Amino acid sequence: MAPRLQLEKAAWRWAETVRPEEVSQEHIETAYRIWLEPCIRGVCRRNCKGNPNCLVGIGEHIWLGEIDENSFHNIDDPNCERRKKNSFVGLTNLGATCYVNTFLQVWFLNLELRQALYLCPSTCKDYMMEDGIQEEKDYEPQTICEHLQYLFALLQNSNRRYIDPSGFVKALGLDTGQQQDAQEFSKLFMSLLEDTLSKQKNPDVRNIVQQQFCGEYAYVTVCNQCGRESKLLSKFYELELNIQGHKQLTDCISEFLKEEKLEGDNRYFCENCQSKQNATRKIRLLSLPCTLNLQLMRFVFDRQTGHKKKLNTYIGFSEILDMEPYVEHKGGSYVYELSAVLIHRGVSAYSGHYIAHVKDPQSGEWYKFNDEDIEKMEGKKLQLGIEEDLEPSKSQTRKPKCGKGTHCSRNAYMLVYRLQTQEKPTTAIQVPAFLQELVDRDNSKFEEWCIEMAEMRKQSVDKGKAKHEEVKELYQRLPAGAEPYEFVSLEWLQKWLDESTPTKPIDNHACLCSHDKLHPDKISIMKRISEYAADIFYSRYGGGPRLTVKALCKECVVERCRVLRLKSQLNEDYKTVNNLLKATVKGDGFWVGKSSLRSWRQLALEQLDEQDGDVDQSNGKMNGNTLNKDESKEERKEEEEELNFNEDILCPHGELCISENERRLVSKEAWSKLQQYFPKAPEFPSYRECCSQCKILEREGEENEALHKMIANEQKTSLPNLFQDKNRPCLSNWPEETDVLYIVSQFFVEEWRKFVRKPTRCSPVSSVGNSALLCPHGGLMFTFASMTKEDSKLIALIWPSEWQMIQKLFVVDHVIKITRTEVGDANPSETQYISEPKLCPECREGLLCQQQRDLREYTQATIYVHKVVDNKKVMKDSAPELNVSSSETEEDKEEAKPDGEKDPDFNQSNGGTKRQKISHQNYIAYQKQVIRRSMRHRKVRGEKALLVSANQTLKELKIQIMHAFSVAPFDQNLSIDGKILSDDCATLGTLGVIPESVILLKADEPIADYAAMDDVMQVCMPEEGFKGTGLLGH
């Protein structure tokens, strides 16, 4: 089939020779492509969207022919969730709880621990009745022991492939989204379990943790002078072995037990010698437990980075470990065999995944426990090789060769050894009856779920088979030849043939034109089907409106024909109009805007394209959703306003504009041609008068401009020095020729100068507006000291002679002046400066507080970070704001007096009366709008701007700086105005970081190993470990 654009052209080719009024039914059917040849399956490879008769490639291929019934459902086989024979039960990972799951599996396969926990009394009996467990009440374990009991019972006899440990995790108060230190979890939980079981009466239960995991060693210190030996006995539940610098487990144990010399400042105080003496100290193993837990210290604290890191070094260990050489009392049985290896996948201490390889004590077979998935190792052998290849190390250390019965791992963080015995456990551990009944109840729920899922699968298959028959029957009857036909959207047909989504009612609203018929431009997304098939579709699925042969829209086809013909003759008409414009207009003509004449061809083309392709706005409903018609109308109106022809000579009153420079007279012939394209354009014959209202306004405007020029010239002549900013008085250097100076707002002066410079463009200034400088009480808002420094940009000083002229030229709302007086008989006498009106201390203090508050409560403000290189000071000429040296002048160093404190040189009393407090927010708002002080910071080299908020922490700022300067947070030394910023948890507002601040950054030397950079984003928040969990008694 021909491409879509070719089909589009062929459907409308007749419009070149047929006028709009001559359009017939044959032309309409051609435009809607009714009689295009249908495509044949096998010849047409994909659906032809330009052909409504092409019903190939719409999704029918999956239904034609025989179909496997398994393809009719998307529900997994429930038997996949069933526990396999002679296999263990997995545990669901609740987010980041894989470290918990590994230890639960290791403890479950400790048969002695499991048996002891089963012997613990339980509150489960409260849920039991004579005929079993209460159906309406779910069992909720009350203690950690009960949670473990229930979990172990499910792990032993559940029919599920994996179970959910969320009750146990919730009881401990663990955060399921945060991965914790697995070794710390093991220690804390064993301590909690021991404490819980210590209250049991049965000694086999009470002492199980000590019997299985507890050993004893002694810290032995020997005085070199007298030979006195001091022992400190201590119990242990695991041995923490340093692996740094070692390759074999035995080397790690030897280092743990090696002798340490106490010399120099570290000498030992000997009670026998009664003085500090050189001594030796070492650890002696006195007794070993049945289960020996060896913690390999892979996660260590890095002093350079301030965070934990993982040591990804290989450690070799054997399956048989003889501990006799390391024990003080020889003669016992100290041969251990490996029973579990706990693995951490990943190179970082703050991420990765935990799994466990555990040996079944009954069968001697090894299993890999990976949350829900459990894999049996082949040949009863431990296989770690694949685990070591999953996560490549940054150092790419070569794996050492391992002999028979030995293994090497760079990911093992804990090894569990069991004391070797001749007899193997033969009798299976029995689950207590009350726990077994709970397990049976859970198994019953699981079986019910399996039956329900199987029934749903069956229903899905039955529905699929019925759909298969429907498609096979209807697809053959879809094509419409010469018989009655209807149109249905291609999208709906595709969804009808899509097995993954339920079929919805037919919705043809998106294809309608403004006449509620089928839009010709929507034919590419419609398909013509037989009336027989359409009847079945609407009877089964409903919807509408139905688009029969009566839905072919003659109005749209006629309009499209007119637009196409105009587009084709536009080029000829453009030449004709240009030639007509060159000729002199004789007799009457029509006014046309020059701008419209320059762009009329483009305007006409855009208008025709809009009419030709205006599909979406013809109807507001699409796929059942109603568009906002008001919005679409407004958008269309705006576009029309931009494109409307000849509106550039309309005045605001809708009449002909008075400016003849913007319009041109064209002949009647030219106007007639233009009107074909713009029938709604405003028409102005040459005899039409201009707008009378505009003429009146023009005369008034000319008179006003003349008046403004006269006023500006008079004011400029009266106040020449103020206008030119010459010979201005200064408070810090008071002029000798006067004792009085007047004050006006600098904003008033600037606005007045704008008017004098451009009187025709700016409005004249009528009032001085000194109220902006006063508080609501009528008091002055500035001290004499502030007006000489930071507030000097807000005021303008006026000579007395100028003030007299200002009073004549402007309305003065408030007089503000400063008087210099001599006080006392001393020579020279003391000078005081008195303001009138007086200072309002309350409002002044409130203004300062508000300014400070604004600086502390900001959002999305800009600050600057300047990186100091090689500890060099920043030079004044490049960045004076950054200079932190002590080279300021004495005048700069002088401390400013607190606002509100009485200045001996500026007497401002309150008059002894206490006024009512009135909010000065209006004044502050006015200041923000009118009086603006330039605080723009000039960036210098080596400086970057950052967007920050006052409630942002210093830690978060360091992360931003890391991205901007590639300096890790732990290498950043930040300071502002000589003050070191060190509290990572403090907010920028409390640290005194205000908008436009400049922070100095000094970077430490980069550390050798930047693997810790991977962990920076992981440790933005302070690490709290198991704080607040049940492991610490909370």
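The structure presented is a predicted model; accordingly, all values stated were derived computationally and were not measured. (Residues numbered from 1 in each chain as written. Predicted model: local features only at pLDDT ≥ 70, side-chain atom pairs only at ≥ 80, totals over all residues. Heavy atoms only, no water.)

Before going further, it helps to examine the overall build of the protein. Scanning the protein for helices and strands turns up 27 helices and 39 strands. Burial analysis of the protein (1034 residues in total) assigns 43% to the buried set. Across the protein, the fraction of contacts at a sequence separation of at least 24, relative to all contacts at a separation of at least 6, is 75%. When the accessible surface of the protein is summed, it comes to about 57,000 Å², and 47% of that surface belongs to carbon and sulfur atoms. (Helix = DSSP H or I, 4+ residues; strand = E, 2+ residues; numbered from the N terminus. Buried < 20%, exposed > 50% of the residue type's maximum accessible area, 1.4 Å probe, protein only. Contact = heavy atoms within 4.5 Å. Areas by Shrake-Rupley, 256 points an atom, 1.4 Å probe, with all protein chains shown as cover.)

Strands in a sheet are paired, the pairing made by backbone hydrogen bonds, and the direction either parallel or antiparallel. Read from one edge of the open sheet, 4 strands run S32-S31-S33-S34, paired in antiparallel fashion. The open sheet has two edge strands, strand S32 (795–798) and strand S34 (830–836), and neither has a second partner. Looking at each pair of strands side by side, their axes are set apart by 30° on average, direction ignored. As paired elements, strand S33 (residues 817–823) and S34 share 7 bridges and run antiparallel to each other. From the neighbouring strand, Val823 faces S34, where its bridge partner is Glu830. Its contacts with the sheet put helix H21 (residues 746–757) on strand S31 (740–745) and S32, and the angle it makes with S31 is roughly 70°. (Pairing = 2+ DSSP bridges. Axes fitted to C-alpha atoms, helices over the stretch in contact; angles between N-to-C directions.)

To continue, consider the pattern of salt bridges. Scanning the entire structure with this criterion turns up 30 salt bridges. A salt bridge links Glu240 to Lys187; the shortest N-O distance between them is 2.1 Å. Here Glu240 is found in strand S7 (residues 239–241), whereas its partner Lys187 is found in helix H7 (residues 182–197), with 53 residues between them in sequence. Glu240 gets classed as partly exposed once you look at its relative accessible area, which sits at 32%. A salt bridge links Glu328 to Arg284; the nearest nitrogen and oxygen atoms lie 3.3 Å apart. Taken together, the residues Glu328 in the loop between strand S16 (320–322) and strand S17 (335–345) and Arg284 in strand S11 (residues 279–287) connect sequence positions 44 residues apart. (Salt bridge = Lys/Arg side-chain N within 4 Å of Asp/Glu carboxyl O.)

A word on the sheet that holds strand S35 (residues 861–867). Taken together, 5 strands build an open sheet; the order of strands is S36-S35-S39-S37-S38 and the sheet is mixed. Since the sheet does not close on itself, it has two edges, and those belong to strand S36 (943–948) and strand S38 (979–981), each with one partner. Neighbour-to-neighbour, the strand axes of the sheet open up by a mean angle of 35°, direction not taken into account. Pairing of S35 with S36, which is carried by 6 bridges, proceeds in the antiparallel orientation. In the sheet register, His866 faces S36, and the bridge partner there is Glu943. Where helix H27 (residues 954–965) meets the sheet, its contacts fall on S35, S36, strand S37 (972–976), S38 and strand S39 (998–1003), and the angle it forms with S36 comes to roughly 140°.

Looking now at a negative patch on the surface. Taken together, the side chains of Glu698, Glu700, Glu702, Glu703 and Glu705 present a region of like negative charge at the surface. Looking at where Glu698 falls in the secondary structure, it is placed in helix H19 (residues 692–718). Taking the relative accessible area as the measure of exposure, Glu698 reaches 39% and is therefore partly exposed. (Patch = residues over 30% accessible without salt bridge, like charges linked within 9 Å, V, L, I, M, F, W, Y side chains within 5 Å. Lys, Arg positive; Asp, Glu negative; His and termini not counted. Charge placed at Lys NZ, Arg CZ, Asp CG, Glu CD.)

Remark: helix H3 (residues 98–108) packs on H7, axes separated minimally by 10 Å, with the N-to-C direction vectors making an angle of 50°. What the angle tells us is that H3 and H7 run oblique. Judged by the twist between their axes, the crossing of H3 over H7 is right-handed. Where H3 approaches H7, its residues Tyr99, Val100, Phe103 and Trp107 are matched on the opposing element by Ala182, Phe185, Ser186, Phe189 and Met190. Of the residues in the contact of H3 with H7, the class split is 8 nonpolar, 1 polar and no charged. (Parallel < 35°, antiparallel > 145°, perpendicular 65-115°, else oblique. Left-handed = near helix turned anticlockwise from the far one by under 90°. Nonpolar A, V, L, I, M, F, W, Y, C, P; charged D, E, K, R; others polar.)

A separate point is H27. Helix length check: H27 (12 residues) gives 16 Å between terminal C-alpha atoms against 16 Å at 1.5 Å per residue, within 8%. Leu954, Lys955, Leu957, Lys958, Ile959, Ile961, Met962, Ala964 and Phe965 are the residues of H27 that are buried. Its buried side turned inward, H27 meets S35, S36, S37, S38 and S39. Downstream of H27 by a residue or two, Ser966 has a phi angle that is positive, lying close to 60°. (Expected span 1.5 Å × (residues − 1).)

The subject of this paragraph is the state of the cysteines. A full pass over the atoms with the stated rule returns 0 disulfides. The thiol of Cys270 is not disulfide-bonded; the next cysteine sulfur, from Cys226, is found 3.6 Å away. A disulfide-free cysteine, Cys513 has its sulfur positioned 3.6 Å from the sulfur of Cys556, the nearest such atom. (Disulfide = S-S within 2.5 Å.)

Once that is clear, we can look at the packing of H19 against H21. For the pair H19 and H21, the least separation of the axes is 8 Å and the interaxial angle reads 120°. With respect to H21, the axis of H19 lies oblique. In this structure, the crossing between H19 and H21 has a hand that is left-handed. Listed contacts from H21 to His708, Ile711, Ala712, Gln715 and Lys716 of H19 are Trp752, Phe755 and Val756. Residues of the contact of H19 with H21, tallied by class, amount to 5 nonpolar, 2 polar and 1 charged.

On a regular strand, one side chain projects to one face of the sheet and the next to the other, so that they alternate. Neither face of S32 is open: one carries Ile795 and Leu797, the other Ala796 and Ile798, and all of them are buried. By the bridge criterion, 4 bridges tie S31 to S32 in an arrangement that is antiparallel. Counterpart to Ile743 in the pairing with S32 is Leu797.

Position of Arg820 relative to the elements: it lies in strand S33. A polar contact of 3.3 Å, which involves the side chain of Arg820, links it to the backbone oxygen of Thr738. Apart from residues no more than four positions distant in its own chain, Arg820 is found in contact with Trp734, Pro735, Glu736, Thr738, Asp739, Thr831, Gln832 and Tyr833. (Polar contact = N/O pair within 3.5 Å; in protein donor to acceptor, adjacent residues only side chain to side chain.)

Among the secondary structure elements, Ser982 is positioned in the loop between S38 and S39. Take Ser982: its relative accessible area is 58%, and that puts it in the exposed class. C-alpha separation for the pair Ser982 and Leu954, spaced 28 residues apart in sequence, amounts to 8.0 Å.

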